[in-house]
Amino acid sequence: MSTVPTTLRDTAAEFEGRVLETRLTGLSREEFALDVWGRTPLLTRGVSDFSDLFSASAVDELVSRRGLRTPFLRVAKDGVTAAESSFTSPGGVGASVADQLDDTALWRSFNDGSTLVLQALQRTWEPITDLVTRLGTELGHPVQANAYVTPPQNRGFDAHYDVHDVFVLQVSGTKRWIVHEPVHPDPLRDQPWTAHRAAVADAARSEASIDTVLEPGDVLYLPRGWLHAAEALGAVSIHLTLGVHTWTRHALAEQLAMSALALLGEDPEMRGSLPLGVDGPGDELAFVRRRLVAALTEADPAPLFHRTRRGQARPAPLGPLAQLAAVESLAPDAPVRLREALEPRLVGRRLTTRVGWLDVPETDSAAALQILDGATHTAGDLGLPFVERLLRAGVLVPAES
């Protein structure tokens, strides 16, 4: 039997229209990949109204009514991040955990000119969850979302670069953005701007590549490494930052090296001790290098790569009560579909997803292939026992009829 993996077909990423095209850039994924991705900033004016995603009332609800804890919020002023203890406190009887957001302390900090940074909104605000899930599927790279809420005439952070690509979505108010070319192009995740602080400061004093004001509906894309600083103007500014944590060739090399080392761990000679009294690698290095090159040639990093990639993001939300109701009311005409953002792969008869793996009997192989198209199917067409099993595993979810 073939072990060529089958994955979710590209058509399933269409959803209700491409996120890149309809909400961020006006460009198709192909156009964006060819002309922009990882190469150059892109400013798109008035591409979308973001009031359905986020708003001032959303900020107030998250800060004052949701019982959020750190690290779901940071506070910063003039490039300095405040201590968490300065804006957290216990939540009273039955909610005595000490690191919950203190809305009074946050109001005082905000009134004093601090920027509020709501982090990982894909975990706390449903419209952002949906957007991030779709964008991550479309790009093939994990995405997170933060909101930056800045008082008038204030800035939260000095010029710096990020180690991930960003889409900046101006939700309300206006903000001036000053962008400079990289001092360390394409930084890896362990190469932060603080390692190049002097070069960043020097570059920030030079002529800017972009000096512009973002207004509601504008989107600015910045590849990782591009320097930027931003300042709110005459009113409170709220913008969303979608951070794209790009997979790199270096990351793939790490996966390859780890796979090769795993192979070498099965080699008795490689597990052997170095000679007594050895002073440096000497002749052993040549032997080890030959075996390592051979292992690199033989190693297949794909399983480790996909396992690591699956761990970088979450599947779409799953409601336990709705799922139980779907199982208990399962009927031949019940519509079901694959849960979004599962990163499913069918290798032979093993279906691997972000929520685990299961072996598929040969009698259900055709149905397993069907669900990978991402479309809606009826339980009777797929087979009721197969559908029940995948509902209980959190792989299939009920679909709207």
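Quick summary incoming for the structure in this document. What you are looking at is a predicted structure, and each value in this text was computed from that prediction instead of being measured.

## Concerning the overall build of the protein chain
On a plain count of helices and strands, the protein chain comes out with 13 helices and 20 strands. When burial is assessed residue by residue, the protein chain has 43% of its 401 residues classed as buried. Counted over contacts in the protein chain with a minimum sequence separation of 6, partners at least 24 positions apart contribute 80%. Counting every atom, the protein chain has about 20700 Å² of accessible surface; 52% of that belongs to carbon and sulfur. Both charge centroids of the protein chain, one from 38 positive and one from 52 negative side chains, sit 3 Å from each other.

## Some words on the packing of helix α7 (residues 249-264) against helix α8 (residues 282-298)
For any two helices packed against each other, the geometry is given by the interaxial angle and the distance between the axes. With their axes 8 Å apart at the nearest point, α7 and α8 run at an angle of 115° to one another. As for how α7 packs across α8, the hand of that crossing is right-handed. Residues L256, A257, A260, L263 and L264 of α7 lie in contact with α8, whose contacting residues are R291, L292, A295, L296 and E298. Of the residues that constitute the contact of α7 with α8, the class distribution is eight nonpolar, no polar and two charged.

## Focus: the pattern of salt bridges
Under the definition given, this model contains 13 salt bridges. Ionic pairing is found between D112 and K77, a salt bridge with its closest N-O pair at 3.4 Å. Pair noted here: D112 is in the loop between α4 (103-111) and β7 (115-118) and K77 is in strand β3 (residues 73-77), with a separation of 35 residues, a long-range link. K77 sits in the partly exposed class, given a relative accessible area of 28%. In this structure, D211 engages R176 in a salt bridge whose closest nitrogen and oxygen atoms are separated by 2.7 Å. Residue D211 is located in strand β11 (residues 210-214), and its partner R176 is located in strand β10 (residues 175-180); the two are separated by 35 residues in the primary sequence. On the accessibility criterion, R176 (33% relative accessible area) is partly exposed. Members of the salt-bridge network, linked through shared partners, are D267, E269 and R291.

## What to know about the side chain of Q323
Along the chain, Q323 falls in helix α10 (residues 320-328). The exposure class assigned to Q323 is buried, which follows from its relative accessible area of 8%. What Q323 contacts, discounting residues up to four positions off in sequence, is L318, L391, G394, L396, V397 and P398.

## Quick word on the packing of aromatic side chains
This structure, assessed with the given rule, holds seven aromatic pairs. A centroid spacing of 5.0 Å and a plane angle of 40° characterise the contact between F167 and Y221, whose relative ring orientation is tilted. Taken as a pair, F167 in strand β9 (residues 165-172) and Y221 in strand β12 (residues 219-222) lie far apart in primary sequence, 54 residues in all. Judged by relative accessible area, which is 0%, F167 ranks as buried.

About the thresholds
- Residues numbered from 1 in each chain as written.
- Predicted model: local features only at pLDDT ≥ 70, side-chain atom pairs only at ≥ 80, totals over all residues.
- Heavy atoms only, no water.
- Helix = DSSP H or I, 4+ residues; strand = E, 2+ residues; numbered from the N terminus.
- Buried < 20%, exposed > 50% of the residue type's maximum accessible area, 1.4 Å probe, protein only.
- Contact = heavy atoms within 4.5 Å.
- Areas by Shrake-Rupley, 256 points an atom, 1.4 Å probe, with all protein chains shown as cover.
- Lys, Arg positive; Asp, Glu negative; His and termini not counted.
- Charge placed at Lys NZ, Arg CZ, Asp CG, Glu CD.
- Axes fitted to C-alpha atoms, helices over the stretch in contact; angles between N-to-C directions.
- Left-handed = near helix turned anticlockwise from the far one by under 90°.
- Nonpolar A, V, L, I, M, F, W, Y, C, P; charged D, E, K, R; others polar.
- Salt bridge = Lys/Arg side-chain N within 4 Å of Asp/Glu carboxyl O.
- Phe/Tyr/Trp six-rings, centres within 6.5 Å; stacked < 30°, edge-to-face > 60°.

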